[in-house]
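Spelled out from the first residue to the last, the chains are:
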Amino acid sequence: MELQAVLMAAGGGSRMMDLTYNTPKPLLPVGNKPLIWYPLNLLERVGFEEVIVITTKEVQKMISTDPKVKLDVKMKLDLVCIQEDADMGTADALRHIQQKVKTDVLVVSCDLITDAALHEVVDLFRAHNATLSMLMSKAHEFTETVPGQKGKKKTGEQRDFVGVDGTGKRLLFMANEADLDEGVVIRKSIMRKHPRMHIKTGLVDAHLYCLKKSVVDFLADNKSISSIRGELVPYLVRKQFSKSTNSPKVIDETHQNLKKNDSNVNLEIQISSRDEELLHLTQERSCWNDHRGDMSDAYHGGRLRCYVHIMDEGICYRVNTLAAYIEANRLAPKLFDEPAVHPSAVVSERCLIGADSIIGASCQISDKTSIKRSTIGVSTTVREKVKVTNSIIMHGVTIEEGCNIQGSVICSNAVIGRGADIKYCLVGSAQRIEPDGEHTTMSKACSA
Amino acid sequence: ETQTKCGTISLFSHLHQYSRKAPLTQQLSIPSTVIHPSIVRLGLQYSQGIVVGSNARSVALLHAFKQVIRDYTTPPNEELARDLVNKLKPYISFLNQCRPLSASMGNAIKYIKKEISNIPSQFKEEEAKTKLQKCIDCYINENVVLAAKAISKYAIKKISDGDVILVYGCSSLVNHILCEAYDKSRKFRVIVVDSRPRLEGREALRRLVQRGISCTYVLISALSYILPEVSKVFLGAHALLANGYVMSRVGTSQIALVARTFNVPVLVCCETYKFCERVQTDSFVSNELDDPDDLMVTRKGKTQLENWHDVSSLGLLNLVYDVTPPDFVDLVITDLGMIPCTSVPVVLRVKNLEQ
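An unreviewed UniProt entry lists chain B under the name Translation initiation factor eIF2B subunit delta, from Oncorhynchus mykiss. Word for word, the UniProt comment on chain B under Sequence similarities (unreviewed entry) is "Belongs to the eIF-2B alpha/beta/delta subunits family."

Under an unreviewed UniProt entry, the name given to chain A is Translation initiation factor eIF2B subunit gamma, and the organism recorded is Oncorhynchus mykiss. Quoted verbatim from the Subcellular location (unreviewed entry) field of the UniProt record, the comment on chain A reads "Cytoplasm, Cytosol". As its UniProt record puts it under Sequence similarities (unreviewed entry), chain A is described as follows: "Belongs to the eIF-2B gamma/epsilon subunits family."

In structure tokens form, the structure reads like this:
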């Protein structure tokens, strides 16, 4: 087996609590499909047959009991549950399933929506025998107004600095503004080996990583590393240039590790050491070098290599903020071929449904309604003379007559009273908006 | 009339045109199940040019085959001897699509297929697998490592103090010989001749200078300028054909021709496992076409040939190999000794008898 897929679906969605206090993030509807469907669909399309899904008991229960959550994937899903309050980071979760990991892993986050060609990332991993290979994308500005926020909110996020070499594929440097005191500090050893480095900001990290099995084993021995993105990746990127990785001592260490894990000790070590020799002979005889201008061998003799594939075009979103959630809903229909209006929806003839709207299953849309650039969830009832523009209506919502909803997010099972006028609002789960209410730019959600 | 459709040269239209823009891995599933992962990795390394050079490609191929054999299990009601050979067929055709097989790879595949077919049926699976792994190690050791040692010993006899040796491109064997000669305290200097688009000479230059050998670097256009200084020419080979022709990197025949004109001896170094039964007298009938876009040069942000596809009367040709007739080659140094070019069919006959 070449790669095992691991889907991280235990994250809380801490940056969009208004949406996630009632619905766990992996099950938030995007284009009327649960968020977790998108990475699962991506994995299925490229050819994976089974996925290890790390999630919470709550999500597992909802997947198995709630009829509205239909995952629609043919792959075998191996659900591993962790406690909600265990406060496990992604690296902790990976350590938790170390016994299940038999080969190199592809770690995906449940909030990734992308149409990236995964083979670009995996080819880098294969061709250069890399330890880490990841996916990033040029960030796009979010153009939609976010409900519940007055004015353009400053992102307030710290910038990520990503340093790549001349080819744009080898990852040389990665740091977050929060970790840097005064300026970007780059070690001389890196500069000596790679005198030309392109430093990029404004990239979106897709949280998609190909990791060697030895990294998972390394995590088992180093329990202090808790997050893949926050700690493991910068550690691996730094380790590429550390003196200890490039010394011959490392070969002995890996043989020691082999001794610990395998019962068929002698055979494995003999085979692996001879294979190492053959790989070394190949590299010696091959007249290829990854860089020019100094006297070093290919890869500067380094054993640990990190690569990144940066997408120029295409869709790549991480749905971890409200703004991203709304943008994703706009674009999600482009990712699948299903008809915009679900066949089981009851739609009256005298209503106006725009081409870029999606109507979910079992909906009831009454006369003289107008739905433009919006998503209507499963089992939602929309009465007469309602105008819905640029909004996201989740499942089981009831919208009474004459309402006008613009640029808003209405969460599941909410009820919008007759004649309400709602602009740029976020209405939480099971909330009620009183009839004839007028609300602009506010967030009405249940306080936890 | 030399163009059939835009961009293809009619004289070479019988050869497959490779393009790096359409990788084969797009159609393969991730994780790869139909093709063994180490074969997919190898194919990628071939097509991206990470593993390049006749020896390196053969060693990498045999290394991948070792992984395949290690992960192989005989299906029920099948014999390992027959089934494993059938398993290898799609892998070989996949690798051929990534990059055409070299003569050395072809010979290595013949050898391993023969070894697999000769596994006696009473061998248990583990025994058979271990035997095959040992055979592969043995083959590489004899034909690549020990052959290089033997060839160095013969070649060093031909290098005297004060020599000026000309080499072309980056031949792993020639580099090995020169490094060994330098270690044995021969005093000589090297002239590295290089050519576009591959510019492999830069890597040869790096390896020789790293050892401490004093080198000069020229492009092939300066060949007749530099040849009066040269005392010997050492060339590597991709394959030696049965009629004595040497198949090597494009440009080699030019070097041999000009060297003959200047009466400089040309010595070709080649291991016997690269000897091939094929007969070829020109570089057209069988060759490899590389990506024509490699011929484009970008200087100061400008690429002159950027839109060459749009020019209907322009075609770009990037040949990889050419054949040198035996008249231009003075000596072939092999692990069996120093032989003239015309003795190649004799060596092939002797090898066939041995098998």
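Caption draft 1: Structural view of the nonpolar core. The biggest cluster of nonpolar side chains holds 44 residues, and the ones touching the most others in it are Phe48(A), Leu106(A) and Leu208(A). Here this core takes 6 residues from helix α5 (residues 118-127) of chain A, the largest share from any one element. If we skip the residues at most four places from it in the chain, Phe48(A) touches Leu3(A), Gln4(A), Ala5(A), Leu43(A), Met75(A), Leu106(A), Ile30(B) and Pro31(B). Ranked by size, the runner-up nonpolar core spans 41 residues in total, among them Leu42(B), Ala64(B), Tyr91(B) and Leu132(B).

Caption draft 2: Here's a closer look at the interface of chain B and chain A. Listed by partner, the interface residues are 41 residues for chain B and 33 residues for chain A. Roughly 3500 Å² of surface becomes buried between chain B and chain A when both sides are summed, with 59% attributable to carbon and sulfur atoms. Three residues stand out in chain B for area buried against chain A, namely Ile30(B), Ile50(B) and Arg206(B), and they jointly supply 20% of the buried area on that side. For the pair chain B and chain A, the number of links is 1 salt bridge. A salt bridge links Asp297(A) to Arg206(B); its shortest N-O distance comes to 3.1 Å. One can count 16 residue pairs in polar contact (both at pLDDT 80 or more) joining chain B with chain A. At the level of secondary structure, the elements contributing two or more residues to the side of chain B that touches chain A comprise α1 (37-47), α2 (54-71), α5 (125-157) and α7 (201-211) of chain B. Ranked by residues supplied to the side of chain B that touches chain A, first place goes to α2(B) with 8 residues.

Caption draft 3: Structural view of helix α10 (residues 344-354) of chain B. Residue and element names in this part refer to chain B. Among the residues of α10, Val344, Val347 and Leu348 are the ones counted as buried. Across the axial projection of α10, the buried residues extend over an arc of 100 degrees, all falling on one side. Turned more than 90 degrees off the buried face of α10, the exposed positions are Arg349 and Leu353.

Caption draft 4: Fine view of unusual backbone geometry. Look at the link from Ile30(B) to Pro31(B): it is a cis peptide, with omega at -5 degrees. One non-glycine residue with positive phi stands out, namely Asn390(A), at about 55 degrees. Inspection of the secondary structure assignment puts Asn390(A) in the loop between β22 (387-389) and β23 (392-393).

Caption draft 5: Up close: the state of the cysteines. One pass over the full model with this rule turns up 0 disulfides over all chains. Looking at the unpaired Cys276(B), the closest cysteine sulfur is the one in Cys270(B), lying at 10 Å.

Caption draft 6: The sheet that holds strand β18 (residues 364-365) of chain A, seen in detail. All names here are of chain A. The sheet built from 6 strands is open, its strands ordered β15-β18-β21-β24-β27-β30 with parallel pairing. Edge strands, defined here as strands with exactly one partner in the open sheet, are β15 (346-347) and β30 (432-433). Here strand β21 (residues 381-382) runs beside strand β24 (residues 398-399); their pairing, made up of 2 bridges, is parallel. Within the sheet, the bridge partner assigned to valine 382 lies in β24 and is isoleucine 399.

Caption draft 7: Looking closely at the UniProt feature "domain: EIF2B subunit epsilon/gamma LbH" (unreviewed entry) in chain A. If you check UniProt for "domain: EIF2B subunit epsilon/gamma LbH" (unreviewed entry), the listed places come out as residues 344-435 of chain A in our numbering. Each end of residues 344-435 of chain A is marked by a C-alpha atom, and these two atoms are 29 Å apart; helix forms 0% of the span and strand 39%.

Caption draft 8: Spatial organisation of the pairing of strand β1 (residues 3-9) of chain A. Residues and elements named next belong to chain A. Judged by how many residues are buried, β1 sits mostly within the fold: 7 of 7 residues are covered. Bridge count between β1 and strand β6 (residues 104-109): 6 bridges; the pairing is parallel. Bridge assignment links glutamine 4 to a residue of β6, and that residue is valine 105. When β1 meets strand β4 (residues 50-56), the two strands line up parallel, connected through 5 bridges. Among the inter-strand pairings, alanine 9 is bridged to a residue of β4, identified as threonine 55.

Caption draft 9: Molecular detail of the sheet that holds β23(A). Pairing is parallel in the open sheet, where 6 strands are placed in the order β17-β20-β23-β26-β29-β32 (chain A). Of all the strands in the sheet, just β17 (358-359) and β32 (443-444) of chain A have a single pairing partner and so form its edges.

Caption draft 10: Representation of a positive patch on the surface within the structure. Where like charges cluster on the molecular surface, the positive patch consists of Arg187(A), Lys188(A), Arg192(A), Arg238(A) and Lys243(A). Tracing the sequence through the fold places Lys243(A) in the loop between α8 (228-239) and α9 (249-261).

Caption draft 11: How the structure looks around the packing of helix α7 (residues 213-221) of chain A against α8(A). Residue and element names in this part refer to chain A. Where α7 meets α8, the closest approach of the two axes is 13 Å, and the angle between their N-to-C directions is 115 degrees. The chirality of how α7 crosses α8 is right-handed. Taken together, the residues of α8 that come into contact with α7 (itself represented by Val215, Phe218 and Leu219) are Leu232, Tyr235 and Leu236.

Caption draft 12: Just the domain arrangement of chain B, in detail. Residues and elements named next belong to chain B. When its domains are assigned, chain B resolves into domain 1 (14-147) and domain 2 (158-354). For domain 1 and domain 2, the distance between their C-alpha centroids amounts to 27 Å. On the side of domain 2, 25 residues touch domain 1, which itself brings 23 residues to the contact. Buried area between domain 1 and domain 2, both sides added, is near 2000 Å², and the carbon and sulfur share of it is 44%. At the boundary of domain 1 with domain 2, the tally comes to 1 salt bridge. Here arginine 99 ties to glutamate 288 by a salt bridge, and the two come within 2.9 Å at their closest N and O atoms. Across the contact surface, domain 1 and domain 2 share 10 residue pairs in polar contact (both at pLDDT 80 or more). Secondary structure elements with two or more residues in the side of domain 1 that touches domain 2: α2, α4 (103-117) and α5. Class assignment of the residues belonging to the side of domain 1 that touches domain 2 gives a composition of 8 nonpolar, 11 polar and 4 charged.

Caption draft 13: Up close: the environment of Ser10(B). All names here are of chain B. Position of serine 10 among the secondary structure elements: in the segment before α1. Using a relative accessible area of 27% as the deciding quantity, one classes serine 10 as partly exposed. The sequence separation of serine 10 and arginine 41 amounts to 31 residues, and the corresponding C-alpha distance is 33 Å.

Analysis parameters
Residues numbered from 1 in each chain as written. Chains lettered and ligands numbered in written order. Predicted model: local features only at pLDDT ≥ 70, side-chain atom pairs only at ≥ 80, totals over all residues. Heavy atoms only, no water. UniProt positions renumbered as here; feature names shortened; annotations may be inferred. Core = buried A, V, L, I, M, F, W, Y, C linked by side-chain atoms within 4.5 Å. Buried < 20%, exposed > 50% of the residue type's maximum accessible area, 1.4 Å probe, protein only. Helix = DSSP H or I, 4+ residues; strand = E, 2+ residues; numbered from the N terminus. Contact = heavy atoms within 4.5 Å. Buried area = accessible area lost by both parts, 1.4 Å probe. Salt bridge = Lys/Arg side-chain N within 4 Å of Asp/Glu carboxyl O. Polar contact = N/O pair within 3.5 Å; in protein donor to acceptor, adjacent residues only side chain to side chain. Arc of directions from axis to C-beta. Disulfide = S-S within 2.5 Å. Pairing = 2+ DSSP bridges. Patch = residues over 30% accessible without salt bridge, like charges linked within 9 Å, V, L, I, M, F, W, Y side chains within 5 Å. Areas by Shrake-Rupley, 256 points an atom, 1.4 Å probe, with all protein chains shown as cover. Lys, Arg positive; Asp, Glu negative; His and termini not counted. Charge placed at Lys NZ, Arg CZ, Asp CG, Glu CD. Axes fitted to C-alpha atoms, helices over the stretch in contact; angles between N-to-C directions. Left-handed = near helix turned anticlockwise from the far one by under 90°. Domains from an automatic or database assignment. Nonpolar A, V, L, I, M, F, W, Y, C, P; charged D, E, K, R; others polar.

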